[in-house]
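Below, each chain spelled out in residue letters.
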Amino acid sequence: GVCSVLLSYLLGRYLFGRSSIGLLNALLTAILPIHVTRSQTALPDIPMFASVQLFLLCCVFVSRTGNWRHYLAAGVAAGLAVAFKYSATAVTPALLAASLIRPGMASLWQRIFNPLLLMSAVASAISFVILTPFSILSFHEFIRDILYHNSYIFGAGQPWARPPIPTFLYLFVDTIPQTSGTLLTIFSILGLFYAIYRRTSADILLLVGFLSLYIFTARASTVFAHYALPLLPFLTIFAARVSVEALGRLRLAPSLRYAVAAAGIVALVAQPFAQVARYDYSLTRTDTRTEAKAWIEANIPAGAKVLMDGGRDFFTVSPPLRYSRAGVERRIREARRDEPGRVRYWETLLQTTGNGGYDLYPIQGDMFHRTVP
């Protein structure tokens, strides 16, 4: 997460040649609510976020120099990003755009059939396999899980997480404002249209990467807040660039210009900063799941049957109650009947289950409510 703030500065600086854009982009990244919250837990989202930024930075150098080292680095960074989250695959057209817009090649065909692009693709595949070895060692399971992932995201998914309006609109009216703040979203949209208007080499590179990711995400039938994360490195750059250039066009005295800049920055970061402050403060309080666990254990006798919402097997959003021995034995019988692959887990859990605990019946939002016998 910290590295991604530095990468935000480098991207703004090298894309548009202005340190002020880089500094503002770094500030916006540092206070993105979803960036802060996801940086505090061991999840693949922020490493993917930083890997996408690293890939974009390599693409910037490819578009300017065409050095084979930059193609190689871009391929490795792409493989790294995809290894963290498969959805990052959608950003890879940015490298083709970088190769097409770079100067020094005679024809369009030379740019498209550039052998360095093939080298980059091979490097990407190798880095992905090194970081995800079971994609080869358990190839059939890997393909099965990829197909399941696609059916989950683009098919039935979670009925309760389906947006009430088309996803391509929902991303901008709900998901992105939720993850970055309303005013920052507005400036991101303004920056997006400004990039379409300007169409410099840097703009084309960003637009290709952003639109390929956006089209991929907009096809989803269910949407969660973290789906917007791959889009945010682009949106913060759009917002930072349009803000700095708009300020530069104002004919103001230097002292007044600084005052306007300060007020604008405060306005941009106020809402996301408040969200982050509230979240960080909540971490200092006793978790309500912990309070609920203490109340249940004090008031409900051990061995009672409890219907638990929020998980199939693991209670991430519910009180972390322990299974009783009878509960684990029941789960073993269910697993032998329905899911043989889970039997070993429950048998292992039984070895460490002592007295007390509860006979837990977990459900999820998309599961039918179970009848507790």
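Residues numbered from 1 in each chain as written. Predicted model: local features only at pLDDT ≥ 70, side-chain atom pairs only at ≥ 80, totals over all residues. Heavy atoms only, no water.

## Remarks on the overall build of the chain
Next up, step 1: In terms of regular secondary structure, the chain is built from 18 helices and two strands.
Next up, step 2: With the C-alpha coordinates of the chain rotated into their principal frame, the extents come out at 70 × 50 × 35 Å.
Next up, step 3: Here the chain holds 373 residues, and 44% of them are scored as buried.
Next up, step 4: Pairs at least 24 apart in sequence give 75% of the contacts found in the chain among residues at least 6 apart.
Next up, step 5: With an accessible surface of roughly 19600 Å², the chain has 66% of that area assigned to carbon and sulfur atoms.
Next up, step 6: Positive and negative side-chain charges in the chain, numbering 33 and 19 respectively, have mean positions lying 12 Å apart. (Helix = DSSP H or I, 4+ residues; strand = E, 2+ residues; numbered from the N terminus. Buried < 20%, exposed > 50% of the residue type's maximum accessible area, 1.4 Å probe, protein only. Contact = heavy atoms within 4.5 Å. Areas by Shrake-Rupley, 256 points an atom, 1.4 Å probe, with all protein chains shown as cover. Lys, Arg positive; Asp, Glu negative; His and termini not counted. Charge placed at Lys NZ, Arg CZ, Asp CG, Glu CD.)

## Focus: the packing of aromatic side chains
Next up, step 1: Counted by the stated rule, this structure contains twelve aromatic pairs.
Next up, step 2: Clustering of aromatic rings is evident, with ring pairs tying together Phe172, Phe210, Tyr214, Phe234 and Phe238.
Next up, step 3: The ring of Tyr14 carries Arg13 above its face, with NZ or CZ at 5.5 Å from the centroid. (Phe/Tyr/Trp six-rings, centres within 6.5 Å; stacked < 30°, edge-to-face > 60°. Lys NZ or Arg CZ within 6 Å of the ring centre and 35° of its normal.)

## Description of the nonpolar core
Within soluble globular proteins, side chains that are nonpolar tend to cluster in buried spots.
Next up, step 1: If you look at the biggest cluster of nonpolar residues, it comprises 72 residues, and the most contacted ones within it are Leu15, Phe55, Phe210, Phe234 and Phe238.
Next up, step 2: In terms of residue count, the dominant contributor to this core is helix H4 (residues 45–65) (twelve residues).
Next up, step 3: Beyond its immediate chain neighbours, meaning those up to four positions away, Leu15 contacts Val60, Arg64, Ala202, Leu205, Leu206 and Ile237.
Next up, step 4: Judged by nonpolar contacts, the second largest core, of 13 residues, contains Leu321, Ala335, Leu350 and Tyr358. (Core = buried A, V, L, I, M, F, W, Y, C linked by side-chain atoms within 4.5 Å.)

## Brief notes about helix H12 (residues 182–198)
It helps to recall that an α-helix has 3.6 residues per turn; residues three or four apart then point in one direction.
Next up, step 1: If you check H12, its first and last C-alpha atoms are 24 Å apart, about what 17 residues at 1.5 Å a residue would give, namely 24 Å.
Next up, step 2: What H12 keeps buried is the set Leu184, Thr185, Ser188, Gly191, Leu192, Tyr194 and Ala195.
Next up, step 3: Just downstream of H12, Arg199 is the residue with a positive phi angle, here 55°. (Expected span 1.5 Å × (residues − 1).)

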